[in-house]
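# Structural overview for review
Single-letter residue listing:
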Amino acid sequence: MINNKKFGLSLSGGGYRATTYHIGTFRKLKELGLLDKVDVISSNSGGSITGATYMMHFGDYETFEKIILSGVRRSVIKFVLTSFRILVPSIFVLGIIVGSTWLLFNGFPLFGLLGIVGLILLILFFQFLLFPLSYLNEKAYDKFFIKGARLSDMSPNLEIVINSTNLETGRLFVFSRTSMGDSKYTYDEELPDIKYETTNFPLARSVAASTAVPGIFTPVKIKKQFYEYPEDYKIVKPRLVDGGVYDNQGLHKLTQRSSKYGCYYILVSDAGNEMPFQNRYWNSLALLFRTSNVFMNRIKNLQMVRQLFQPGKSQEHEVAYQSLGWDFDESIPIFIEGLKQGNIKEDVWKLHGISDADIKLKKWEVITDKLKESIDYEAIMKQLQPEEKLELARKVSTNLVPLSDEQISALISQASVMTEIQIKLYCPSFFH
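Keep in mind it's a predicted model, so treat the numbers as computed, not measured. (Residues numbered from 1 in each chain as written. Predicted model: local features only at pLDDT ≥ 70, side-chain atom pairs only at ≥ 80, totals over all residues. Heavy atoms only, no water.)

### Examining the overall build of the protein chain
Put simply, the rule reads: Labels follow the DSSP assignment, with helices taken as runs of H or I lasting at least four residues and strands as runs of E lasting at least two, numbered in each case from the N terminus. Between the two quantities, the radius of gyration covers C-alpha atoms and the globule rule is 2.2 Å times the number of residues to the power 0.38. In this scheme, a residue with accessible area under 20% of its type's maximum is buried, one over 50% is exposed, and one in between is partly exposed, where area comes from a 1.4 Å probe on protein chains only. Contacts between residues were defined by any pair of non-hydrogen atoms, one from each residue, lying within 4.5 Å. Only the protein chains shown count as covering a residue, and every accessible area follows the Shrake-Rupley method with a 1.4 Å probe. Positive: Lys, Arg. Negative: Asp, Glu. His and the chain ends are not part of the count. Charge positions are represented by NZ for Lys, CZ for Arg, CG for Asp and CD for Glu.
Of the regular secondary structure elements, the protein chain holds 18 helices and 9 strands. For the protein chain, whose C-alpha radius of gyration is 24 Å, the value lies close to the compact-globule estimate of 22 Å for 432 residues. For the protein chain, the C-alpha atoms occupy an extent of roughly 90 × 50 × 40 Å along the three principal directions. Within the protein chain, buried positions represent 50% of all 432 residues. For the protein chain, restricting intrachain contacts to residue pairs at least 6 apart in sequence, the fraction spanning at least 24 positions comes to 74%. With the model as given, the accessible surface of the protein chain reaches about 20800 Å², and the carbon-plus-sulfur share is 56%. Side chains of the protein chain carry 49 positive and 45 negative charges; the gap between the two charge centres is 5 Å.

What follows is the structure in C-alpha cells.
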C-alpha cells in the first residue's frame, strides 16, 4: 500500500509485445522503490504471461525477468504448428482435399463433391476437436514460462486477477490464487453460487484462456473436476477467450473499489499502439480481425477517457496511464490540458507546487516549469532512446513469434521512461 491506500498495476494485452513491454514497467517500478508496494496486478492476454510469471517468482526478480526474456525469444506459434496434435489432422485434411480433387477431375465427380462437402461439415462441427490450439498454447506457456505451476502456487503476498472473457455470459471470467469465476455465476438469483476449485488448476491454462484470441485459438473450457460441486457442471459451461475482448487494459477490476481487487492508485501499462490505417481486406478472417481490433480500441479509449479526462472532483482513483503509442514530449502538455479542463485533482496539482493563482491567471508557462522541476524532467529525458528505436518498438506485432534483442531492448526502454514520467505526473503523492 501507499498512504494506506491500495496500489494496482494493470497489464494490457498485446502478445509478446505486451509481455516484453511490461518488463520495462516492472524495472522502473523496482528502480523507484514502488514494485514491492503493488497490492494487486490485473492482467490480460500477453500481460498475463508477465503477471503470472512474476507471481511465481515473487521476491526473486532476477529469475522472473530471466524467464520472461528467455521465453519471448521462443516461438509459441512454431510450438503449436509443429505439434503432433496439429500435424496429424492437417495431413488428414490435406489428404481429403487432394483425394476429392483427384476424384472431381478423373471421372468420379459425385464422390469428389461428397468428399468436399464432408470435409466442410467436419470442419464446421469438429474444428476445435481436430485443432485444439488453446490446449497446445497452454503447453507452450507451461514449457516456456509457467513450469507446471498451479493457481495455488502463486505468491500469497499480493493479489493477481488474470482476466478472460466468458462467451456464455458476455462478462469477465477471472482467475486468482484462491478463486476463479464469473460474477454472474455468483450474484444471479436464478443460478446457484457456482464455485471452482483452484488448488490444482493449471496456471498455464488460465494464461491460455486470457490469450485465446477469437478466430485463432479455441475457447478454453473448465473441466468438471474443477467444479467444487460436480452437479454444477450441467448448469454452467463457461467458454473462455481473450480477456481483451471485454477489457484489453485489465483496468475494469481495479476500478471496482468495493471488490477485493479495487484500488485507489492505479498504474496502467498499455502495450497498445495507435490503430494503423488500413483499407484492404482480402478475406473474411482479415475483416474479422480488423473488426475485433476496432471493438477493443473503442473499449480502451472509453476507459482512458473515463479515468483520465473526466472532471477531477468525480474521480474515485488516481490513475497513471502510460502507453507504447504515446510520445514522451506530449505528457506535460496533456497534463496541462487536463488542468485547463478541471480534470486533474486538486491535491495532485498542488503537490507539484502549482497554486490557485497560477491556474486562475493562466500561467501555463510557469506551470510547465513547475511540473518539470517537480518530476525532474531533464533527468527523465536523458533516458530517452533514439527515435529509430522507438519506431522499432512500435512496429513489433502482437503475435507470439520470437523477438530479437533489439526489439526487446526498444520495448523495455520505452515502457521504462513512460512509466516514470506518467507516474510522477499523476501520482505525485508517491514521492512526497
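Read on for the rest.
### Thoughts on the nonpolar core
What counts, and what does not: Nine residue types can take part in a nonpolar core, namely buried Ala, Val, Leu, Ile, Met, Phe, Trp, Tyr and Cys, and a core is a set of them joined through side-chain atoms within 4.5 Å.
If you look at the biggest cluster of nonpolar residues, it comprises 114 residues, and the most contacted ones within it are F7, Y141, F145, F175 and I222. When residues no more than four places from it in sequence are discounted, the contact partners of I222 are F173, F175, M180, Y196, F201, Y227, Y233, P238 and L240.

### Focus: the side chain of S43
Which entries qualify depends on this criterion: A 3.5 Å cut-off defines polar contacts: any pair of N or O atoms within that distance qualifies, except that in protein one atom must be a possible hydrogen donor and the other a possible acceptor, and neighbouring residues in sequence count only when both atoms are side-chain atoms.
Examined against the element boundaries, S43 turns out to sit in strand β2 (residues 40–44). Within the structure, the side chain of S43 is placed 2.9 Å from the side chain of S48, a separation counted as a polar contact.

### Overview of a positive patch on the surface
Defined as follows: Patch definition: residues with relative accessible area over 30% and no salt bridge; like charges joined within 9 Å; nonpolar side chains (Val, Leu, Ile, Met, Phe, Trp, Tyr) joined within 5 Å. We define a salt bridge as a contact between a side-chain nitrogen of Lys or Arg and a carboxyl oxygen of Asp or Glu at a distance within 4 Å.
Together, K221, K224, K234 and K237 give the surface a local cluster of positive charge. The topology assignment puts K237 in the loop between β6 (220–221) and β7 (239–242).

### Concerning the packing of helix α2 (residues 45–56) against helix α7 (residues 133–146)
Keep this limit in mind: With axes taken as lines fitted to C-alpha atoms, and helix axes fitted only over the stretch in contact, angles between N-to-C directions fall between 0 and 180 degrees. Orientation categories follow fixed angle ranges, with anything under 35 degrees roughly parallel, anything over 145 roughly antiparallel, 65 to 115 roughly perpendicular, and all other angles oblique. Should the near helix be turned anticlockwise from the far one by less than a right angle, the crossing is left-handed, and should it be turned clockwise, the crossing is right-handed. Side-chain classes are defined by residue name, with Ala, Val, Leu, Ile, Met, Phe, Trp, Tyr, Cys and Pro counting as nonpolar, Asp, Glu, Lys and Arg as charged, and the others, Gly among them, as polar.
At their nearest, the axes of α2 and α7 sit 11 Å apart, and the two run at 50° to each other. If you check the angle between α2 and α7, you find them oblique. The hand of the α2/α7 crossing is right-handed. Two secondary-structure elements touch here, α2 through I49, A52 and T53 and α7 through Y141, F145 and I146. Grouping the amino acids of the contact of α2 with α7 by side-chain chemistry returns 5 nonpolar, 1 polar and no charged.

### Description of a nonpolar patch on the surface
Among the surface-exposed residues, L104, F105, L113, I116, V117, I120, L121, L124, F125, F126 and L129 lie close enough to one another that they form a single nonpolar patch of about 1100 Å² accessible area. With 9 residues, the single largest contributor to the nonpolar patch is helix α6 (residues 109–130). The residue L124 is located in helix α6 in this model.

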